[in-house]
Every structure is written in C-alpha cells, then in structure tokens.
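Chain and residue survey
Listed here are the chains, written in short residue letters.
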Amino acid sequence: SQDAANSLFERFIKDKSLISKITFIKGVAADDLIPYYRNSDLTLLTSFYEGTPYVILESLACGTPAIVTN
C-alpha cells in the first residue's frame, strides 16, 4: 500500500541520517505552490497510481526537477 511505502521510505531516510535534509510536504494552498516549487531542490512523487500528475507538471514549470516512479 502507499502508506506502507511512505513509512518504509521515512524509516530509510531516518536510518541514513538524512531526515534533517528532507522536508515532507503533504498539502500546500494553491496560492503558495509557486514559492514552494521554486525554493525546492526537487519534487519526489512516489505514487504508483497517478495518470498525469499535475504536481510534476507544476514542478517542472517552476524549474524544479522531479523524480518519479514509472
């Protein structure tokens, strides 16, 4: 399940001492999206169910690279 995958990922980054370098964003108001994307190093989308994820299109439109699953 997606929750299990997220939990596994969070445990992995905690175990590798990366947690201080990663910010998890679960929801941002539409008016605040552009500053979030522009101030981010990358956008990570781990969903296996997104058809055409707007989050990736928005990220790329703001010049922020994305990492996605196939």
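Structure report, in brief.

Notes on the overall build of the chain
Within the chain one finds three helices and two strands. Helices and strands in the chain line up, N terminus first, as α-α-β-α-β. For the chain, the residues scored as buried account for 14% of the 70 residues in total. Surface summary for the chain: the accessible area is close to 5,700 Å², and the carbon and sulfur share equals 55%.

Regarding the environment of Thr-43
Topologically, Thr-43 is positioned in strand β1 (residues 43-45). Of the residues examined, Thr-43 reaches a relative accessible area of 10% and is grouped as buried. C-alpha separation for the pair Thr-43 and Ile-67, spaced 24 residues apart in sequence, amounts to 6.2 Å.

What counts, and where the lines are drawn
Residue numbers here run from 1 along each chain, matching the order of that chain's written sequence. Under the rules for a predicted model, residues below a pLDDT of 70 receive no local features and side-chain atom pairs below 80 are neither given nor counted, while totals for whole chains, interfaces and linings still include all residues. Only hydrogens and water are removed before side-chain values are computed, so all heavy atoms of the structure are retained for them. Helix and strand assignments follow DSSP, with helices taken as H or I runs no shorter than four residues and strands as E runs no shorter than two, numbered in order from the N terminus. Throughout, exposure labels follow a simple rule: accessible area from a 1.4 Å probe, protein chains only, divided by the maximum for the residue type, with under 20% read as buried, over 50% as exposed, and the rest as partly exposed. The Shrake-Rupley method, run with a 1.4 Å probe, gives the accessible areas here. Residue values count only the displayed protein chains as cover.

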